[in-house]
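Secondary and tertiary structure notes
The residues making up each chain are set out below.
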Amino acid sequence: MIELLNASHDRKQFDCGVTALNRYLWQQASQDSKRHLSVVFVLVSPEDRKRVIGYYSLSSMSVTLRDIPVDLQKKLPSYPHVPATLLGRLAVDQAFQKRRLGEKLLIDALTRSYRASLEVASWAVIVDAVDEKAAQFYQNFGFSDLQNNDLKLFLPMKTIGLTLSV
Ligand SMILES: CC(C)(COP(=O)(O)OP(=O)(O)OC[C@H]1O[C@@H](n2cnc3c(N)ncnc32)[C@H](O)[C@@H]1OP(=O)(O)O)[C@@H](O)C(=O)NCCC(=O)NCCS
């Protein structure tokens, strides 16, 4: 099950193999949630709801129009920026990787972002991939590179709505 991060979750045990993503959960996620800087969701099992199996974070951002591929830019008005949803981090504990839980978290994040965009507009979900391998993970799900930044990828909200039955 996927729920909001709260004080009952044991964050210290979490280890996805990437120090920056571990540290974020250990030290920063709960502060960011309290300050309304990001919302963090965790995957737990019904048998042990304290143990964090995976997590992701969502927040708002804006994308500079010139960073969007030209063919898509042409379909947008010439605003300097468009609103977007940032999937800043997504990780699965090493003990649980390769069981499609990363996919489960990603689909949950996209579904939630799409639903939220019906009330507060957002043109796309943007992801910050930690490295090229992580970028490949997102490309498998249809994300494309933003211009001028190989590790920032996007998936238009329109595509998400058409792909997921939400
Ligand atoms: C990347 C990560 C979230 C994937 O989670 P997972 O539960 O192991 O992945 P899944 O089992 O859901 O795999 C789904 C698909 O992604 C692929 N995939 C998994 N990890 C991948 C990686 N690191 N690079 C590229 N592709 C990957 C799988 O092969 C699978 O593709 P397939 O349908 O062709 O078989 C996890 O390995 C992780 O937390 N890594 C460390 C942190 C990280 O890199 N986070 C992502 C960016 S911030």
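Everything discussed here concerns the structure shown above.
The rules behind each value
Residues numbered from 1 in each chain as written. Predicted model: local features only at pLDDT ≥ 70, side-chain atom pairs only at ≥ 80, totals over all residues. Pairing = 2+ DSSP bridges. Helix = DSSP H or I, 4+ residues; strand = E, 2+ residues; numbered from the N terminus. Axes fitted to C-alpha atoms, helices over the stretch in contact; angles between N-to-C directions. Near = placed C-beta within 6 Å. Nonpolar A, V, L, I, M, F, W, Y, C, P; charged D, E, K, R; others polar. Expected span 1.5 Å × (residues − 1). Buried ≥ 20, exposed ≤ 12 C-beta atoms within 10 Å, placed from the backbone. Arc of directions from axis to C-beta. Contact = placed C-beta atoms within 7 Å.

For a regular strand, the rule is simple: side chains alternate between the two faces of the sheet. Summarising the sheet, strand S1 (residues 2–4) and strand S2 (residues 39–43) pair through three bridges and their orientation is antiparallel. Bridge pairing in S2 places Ile 2 opposite Leu 43. Strand direction decides the pairing type here: S2 and strand S3 (residues 54–64), joined by five bridges, are antiparallel. Across the sheet, residue Val 39 finds its bridge partner in S3, namely Leu 58.

This part covers the sheet that holds strand S7 (residues 149–156). The seven strands are arranged S1-S2-S3-S4-S5-S7-S6 in an open sheet whose pairing can be described as mixed. Both edges of this open sheet fall to S1 and strand S6 (144–146), since each of them pairs with a single strand only. Adjacent strand axes in the sheet meet at a mean angle of 35 degrees when their direction is disregarded.

The next point concerns the environment of Thr 159. Relative to the helices and strands, Thr 159 resides in helix H5 (residues 157–163). Separated by 86 residues in the primary sequence, Thr 159 and Gln 73 place their C-alpha atoms 15 Å from one another.

What follows concerns the site of the ligand. The full set close to the ligand counts 22 residues, and Ala 91, Gln 97, Gly 102, Glu 103 and Ala 134 are the nearest of them. Among the elements of the structure, strand S4 (81–92), helix H3 (101–117) and helix H4 (132–139) are those that each provide at least two residues to the shell around the ligand. In the shell around the ligand, the residues fall into 11 nonpolar, five polar and six charged.

Let us now look at H3. For H3, with 17 residues, the first-to-last C-alpha span of 24 Å sits near the 24 Å given by 1.5 Å per residue. Of all the residues in H3, the buried ones are Gly 102, Leu 105, Leu 106, Ala 109, Leu 110, Ser 113, Tyr 114 and Ser 117. The arc that holds every buried residue of H3, seen down its axis, measures 165 degrees, which confines them to one face. On its buried face, H3 sits against S2, S3, S4, strand S5 (124–128), H4 and H5.

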